[in-house]
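# Fold and contact review
Here are the chains, one letter per residue:
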Amino acid sequence: MNRATSVASRQTGFAGETVRALASALLLLGLIGDRRVR
């Protein structure tokens, strides 16, 4: 039970980090694209 809980929390943490990285990358791409347009 304890091991399953630790694995689940680790997976959710990994997913959160991935989402955060994707969001920051999209923000950077949007800023670069906005500068290029202007």
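The paragraphs below set out a description of the structure included in this document. Not measured: the values here are computed from a predicted model. (Residues numbered from 1 in each chain as written. Predicted model: local features only at pLDDT ≥ 70, side-chain atom pairs only at ≥ 80, totals over all residues. Heavy atoms only, no water.)

### Things to note about the overall build of the protein chain
- Within the protein chain one finds one helix and zero strands.
- Projected onto its principal axes, the C-alpha coordinates of the protein chain cover approximately 55 × 5 × 5 Å.
- Counting over 38 residues, the protein chain shows a buried share of 0%.
- About 3800 Å² of surface is accessible on the protein chain, with carbon and sulfur atoms providing 66% of the total. (Helix = DSSP H or I, 4+ residues; strand = E, 2+ residues; numbered from the N terminus. Buried < 20%, exposed > 50% of the residue type's maximum accessible area, 1.4 Å probe, protein only. Areas by Shrake-Rupley, 256 points an atom, 1.4 Å probe, with all protein chains shown as cover.)

### Comments concerning the pattern of salt bridges
- For the structure shown, the criterion picks out one salt bridge.
- A salt bridge links Glu17 to Arg20; the nearest nitrogen and oxygen atoms lie 3.3 Å apart. Taken together, the residues span about one helical turn, with Glu17 and Arg20 both in helix H1 (residues 2–37) at a distance of three residues.
- On the basis of relative accessible area, Arg20 is assigned to the exposed category, the value being 57%. (Salt bridge = Lys/Arg side-chain N within 4 Å of Asp/Glu carboxyl O.)

### Points about a nonpolar patch on the surface
- Taken together, the side chains of Leu28, Leu31 and Ile32 present a nonpolar region at the surface, about 300 Å² in accessible area.
- One can find Leu31 in helix H1.
- Relative accessible area serves as the criterion here: at 53%, Leu31 is assigned to the exposed category. (Patch = residues over 30% accessible without salt bridge, like charges linked within 9 Å, V, L, I, M, F, W, Y side chains within 5 Å.)

### Some thoughts on the environment of Ser24
- Its location among the elements puts Ser24 in helix H1.
- The spatial distance from the C-alpha of Ser24 to the C-alpha of Ser9 is 22 Å, given a sequence separation of 15 residues.

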